[in-house]
Amino acid sequence: MTIDQNERYTRSAKRGNRSAAQRFSPDYLEAKKSIDDRALNKEVWRKLTQELAFYPATGPLQVLEIGAGIGTMFERVVDWGLLKGEAVYTATDNDPVQTNAAREYLTRWAGRNDYLLQWEGKQLARLRTPEAMVTLIIRQVSVEELASGYESPHSWDLFIAHAVFDLIDFAALLPDLLLLLKDHGLFYSTCNFDGATRFLPSFKGDEEIITRYHESMEKRLSGASHTGRRLRLFLEKQGLDVLASGRSDWFISPGQDGYSPAENSFLRAIIDLVDGELSIGRDTPPDLAAWVRQRRDQMAAGTLSFRARHLDLLARCGPLAGI
Ligand SMILES: C[S@@+](CC[C@H](N)C(=O)[O-])C[C@H]1O[C@@H](n2cnc3c(N)ncnc32)[C@H](O)[C@@H]1O
């Protein structure tokens, strides 16, 4: 996200009294990609790779992703060799800004990697890499629509949700979403926020500001600030077999040369997000303006570190799932 875009975005969220966390710019998602790559739990990923290697697919692997944004998870599953042979990958998001940006973003990515990506119409593409032949379908559809029967049940082998379950009422939607998976289908959900945010070095307003930031998530959606652990419990209660789980924290600290351009944009966006969320309404913490100024100064000086706790989960639908 460029500085201008990010400021515009935070200002418009404040003006409209709307949570900044409810909208994401494609530039922010692009910057977030490398932070997520580092954060993702590699043991959970390894288990997913292993499960897919033995998965009894009866045709091309059918993958459904919700809240896919500009397609960074698709990029990852191709680059990291998860998809082998034939697959159909359906990337869904309810925001047309994302689904439109995905085409341009993925075209650039394929070009950089010498992958053959041919578009057939606006939202359908064929990708050929040395290892895989993938049909990519980008669909503007909400999770709520998917849960209410938009797609045929029992038709997907792998369900992916990355950094999205803290934005939707998963307890209400998941029972229907899980119906979309085939028997023994896999459920992979990553970067589920799990209750802790930390900026270092510490600053006098920190405790109140972070508490209030987590409360703003709760106001938006009850339970959102502890999505990771709630999701794990929920899957177990639904009778899914949780095959692997582990931490996937976002972590940024300055290296010898400060921050990478992506880290720089991402940190700036996170500070703006906290500022935007806490500036809504009348009850703004008195230390907020000083806190934001201090964090920006620390960024400029290359002394700021940041961590947000997340949880990755891999589960399998089985006969006990009742689906
Ligand atoms: C934090 S972003 C993550 C995007 C992508 N997974 C990534 O990490 O780059 C959350 C995404 O979920 C989408 N989203 C939020 N609520 C949704 C809903 N109810 N149905 C479908 N998509 C939704 C947003 O438009 C956004 O693209």
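Residues numbered from 1 in each chain as written. Predicted model: local features only at pLDDT ≥ 70, side-chain atom pairs only at ≥ 80, totals over all residues.

### Examining the overall build of the protein chain
Each helix and strand counted, the protein chain has 11 helices and 10 strands in total. Computed over C-alpha atoms, the radius of gyration of the protein chain comes to 20 Å, within 12% of the 20 Å expected from 2.2 N^0.38 for 323 residues, which places it in the range of a compact globule. Looking at the protein chain as a whole, 43% of its 323 residues qualify as buried. Contacts spanning at least 24 positions in sequence make up 83% of the contacts within the protein chain whose residues lie at least 6 apart. (Helix = DSSP H or I, 4+ residues; strand = E, 2+ residues; numbered from the N terminus. Rg over C-alpha atoms; globule rule 2.2 N^0.38 Å. Buried ≥ 20, exposed ≤ 12 C-beta atoms within 10 Å, placed from the backbone. Contact = placed C-beta atoms within 7 Å.)

### A few points about the packing of helix H2 (residues 26-39) against helix H10 (residues 261-279)
Relative orientation of the contacting elements H2 and H10 amounts to 115°, with a least axis distance of 8 Å. Between H2 and H10 the crossing geometry is left-handed. Of H10, the residues touching H2 (which contributes Tyr 28, Ala 31, Lys 32, Ser 34 and Ile 35) are Ala 262, Glu 263, Ser 265, Phe 266 and Ala 269. For the contact of H2 with H10, a count of residues per class yields six nonpolar, two polar and two charged. (Axes fitted to C-alpha atoms, helices over the stretch in contact; angles between N-to-C directions. Left-handed = near helix turned anticlockwise from the far one by under 90°. Nonpolar A, V, L, I, M, F, W, Y, C, P; charged D, E, K, R; others polar.)

### Overview of unusual backbone geometry
Backbone torsion omega between Leu 200 and Pro 201 reads -5°, so that peptide bond is classified as cis. If you trace the backbone, Pro 201 turns up in the loop between strand E7 (181-200) and helix H8 (206-220). Non-glycine residue His 154 carries a positive phi angle of around 55°. The topology assignment puts His 154 in the loop between helix H6 (143-150) and strand E6 (156-162). Classification of His 154 by C-beta neighbours within 10 Å gives exposed; the count is 12. At His 184, a residue that is not glycine, the phi angle is positive and equals roughly 70°. In this structure, His 184 sits in strand E7.

### Observations regarding the packing of H6 against helix H7 (residues 170-178)
Interhelical geometry of H6 versus H7 gives an angle of 45° and a closest axis separation of 8 Å. Viewed along their axes, H6 and H7 adopt a mutual orientation that is oblique. Crossing handedness for the pair H6 and H7: left-handed. Between H6 and H7, the residues in contact are Val 143, Glu 144, Leu 146, Ala 147 and Ser 148 and Leu 173, Asp 176 and Leu 177, respectively. Broken down by class, the residue content of the contact of H6 with H7 amounts to five nonpolar, one polar and two charged. (Parallel < 35°, antiparallel > 145°, perpendicular 65-115°, else oblique.)

### Looking at H8
For H8, spanning 15 residues, the distance from its first C-alpha to its last is 21 Å, which sits close to the expected 21 Å at 1.5 Å a residue. Every buried residue of H8 is accounted for by Ile 209, Ser 216 and Met 217. Viewed end-on, H8 has its buried residues packed into an arc of 100°, placing them on one side of the element. Structural note: H8 exposes Glu 207, Glu 218 and Lys 219 on the side pointing more than 90 degrees away from its buried face. Along its buried surface, H8 packs onto H10 and helix H11 (288-301). (Expected span 1.5 Å × (residues − 1). Arc of directions from axis to C-beta.)

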